[in-house]
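What follows is the residue order along each chain.
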Amino acid sequence: MKKQKLHIIAEVAQRLFFPPICPSCGRSIGKREIFCPLCSKQLFRVHPGDVCPHCGKTVCACRSLRPLFTRVFPASLYMGSMQPAIQNMKFNHHPGHARILGKLMAQTLAEYQVPADFDMLAAIPMSRKKLRTRGYNQAALLAAAVSRETGIPFVPGALTKIRETASQHELSAQPRQTNLKGSFRADPLVHGKRVLLIDDVLTTGATANQAAEALLLAGAAQVDVLVLSTTSSTTI
């Protein structure tokens, strides 16, 4: 797609001629840094034991969510410097931030001491219409970055969105649970595979649950979820 190619060209030019910048505030950072020193102090990292391992929330919401995925590995809470970083990546035309933030997600897997024996990474897909509008899928870019860091193969076609839906971030908690029902389809190649599902934010868990359902219906052996950020509860 022409728009996506233009974004990629712009990002390559940015890396070649300009220093890397903090995804939250835009200050210059070192090549090995993810956030600038100031924003790092405002990053609320999630460590093993901080959240429920099954729903990814600080207060367990498994009874209401009934997660179909097995485990959740969040890198941070959706507050502080992570909130503008994700908004910049998604809505302010900074797809290159995914490369930096994907490193944080890979570090999260290592911190949780998760063995890198997943068969594949799958990203939460976007509809064709929304992909044309934005020009890129941030979840897919994060998955590609995690793949580079961990060696786990990213399979872009593992999940497809088969119908247009309202944007989840525009809905309150209850409508989110039904908005995406039946909107994802998984490729038969996931049959018998351990899949690590990638997304940017886990809010109510409805999106991850619908994606996990599609993967499991297609025969996936297990679905775990790696997210850049999780809200502290399932409400917005």
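Calculation rules
- Residues numbered from 1 in each chain as written.
- Predicted model: local features only at pLDDT ≥ 70, side-chain atom pairs only at ≥ 80, totals over all residues.
- Heavy atoms only, no water.
- Buried < 20%, exposed > 50% of the residue type's maximum accessible area, 1.4 Å probe, protein only.
- Helix = DSSP H or I, 4+ residues; strand = E, 2+ residues; numbered from the N terminus.
- Pairing = 2+ DSSP bridges.
- Right-handed = clockwise from strand over helix to strand, strands pointing away.
- Salt bridge = Lys/Arg side-chain N within 4 Å of Asp/Glu carboxyl O.
- pLDDT = per-residue confidence, 0-100.
- Axes fitted to C-alpha atoms, helices over the stretch in contact; angles between N-to-C directions.
- Contact = heavy atoms within 4.5 Å.
- Polar contact = N/O pair within 3.5 Å; in protein donor to acceptor, adjacent residues only side chain to side chain.

## Some details on the pairing of strand S5 (residues 194–202)
At step 1: A large share of S5 lies buried, amounting to 9 of its 9 residues.
At step 2: Across 4 bridges, strand S2 (residues 120–123) lies against S5 in parallel orientation. What sits directly across from Ala123, in S5, is Ile198.
At step 3: The β-α-β motif built from S5, the intervening helix H9 (residues 206–217) and the parallel element strand S6 (residues 222–230) has right-handed crossover chirality.

## Examining the pattern of salt bridges
At step 1: The tally for this structure, following the rule as stated, stands at 5 salt bridges.
At step 2: Across the salt bridge formed by Glu111 and Arg45, the nearest N and O atoms sit 3.4 Å from each other. Taken together, the residues Glu111 in helix H5 (residues 97–111) and Arg45 in the loop between helix H2 (37–41) and helix H3 (62–65) connect sequence positions 66 residues apart.
At step 3: A relative accessible area of 32% means that Glu111 is categorised as partly exposed.
At step 4: Across the salt bridge formed by Lys90 and Asp200, the nearest N and O atoms sit 3.1 Å from each other. Here Lys90 is found in helix H4 (residues 82–91), whereas its partner Asp200 is found in strand S5, with 110 residues between them in sequence.
At step 5: By relative accessible area, Lys90 is classed as buried at 16%.
At step 6: The network of salt bridges with shared partners includes Arg71, Asp117, Arg194 and Asp224.

## Topic: the confidence of the model for the protein
At step 1: Looking at the protein as a whole, the pLDDT averages 88, with 84% of positions reaching at least 70.
At step 2: When the elements of the protein are averaged for pLDDT, helix H1 (residues 2–17) gives the smallest value, 56, and S2 the largest, 98.

## Section: the sheet that holds strand S1 (residues 72–74)
Strand pairs in the sheet, formed through backbone hydrogen bonds, run parallel or antiparallel to each other.
At step 1: Read across the sheet, 4 strands follow the order S1-S6-S5-S2 without closing on themselves; strand pairing throughout is parallel. Looking at strand neighbours, the two that pair on one side only are S1 and S2, the edges of this open sheet. Mean inter-strand twist for the sheet, computed between neighbouring axes without regard to direction, equals 25 degrees.
At step 2: The sheet contacts of H5 involve S1, S5 and S6, and relative to S6 the element is tilted by about 125 degrees.

## Digging into the side chain of Asp200
At step 1: Given a relative accessible area of 3%, Asp200 falls into the buried group.
At step 2: A distance of 3.4 Å separates a polar atom in the side chain of Asp200 from a polar atom in the side chain of Gln138.
At step 3: When near neighbours in sequence (up to four residues on either side) are disregarded, Asp200 contacts Ile86, Met89, Lys90, Gln138, Leu142, Val227, Leu228 and Ser229.

## Section: the pairing of S6
At step 1: Of all 9 residues making up S6, 8 are buried, and the element is well covered by its neighbours.
At step 2: Sheet topology places S1 next to S6; 3 bridges connect them, and they run parallel. Within S6, the position partnered with Pro74 by the bridge is Val227.
At step 3: As paired strands, S5 and S6 are joined by 8 bridges and run parallel to one another. Within the sheet, the bridge partner assigned to Leu197 lies in S6 and is Val225.

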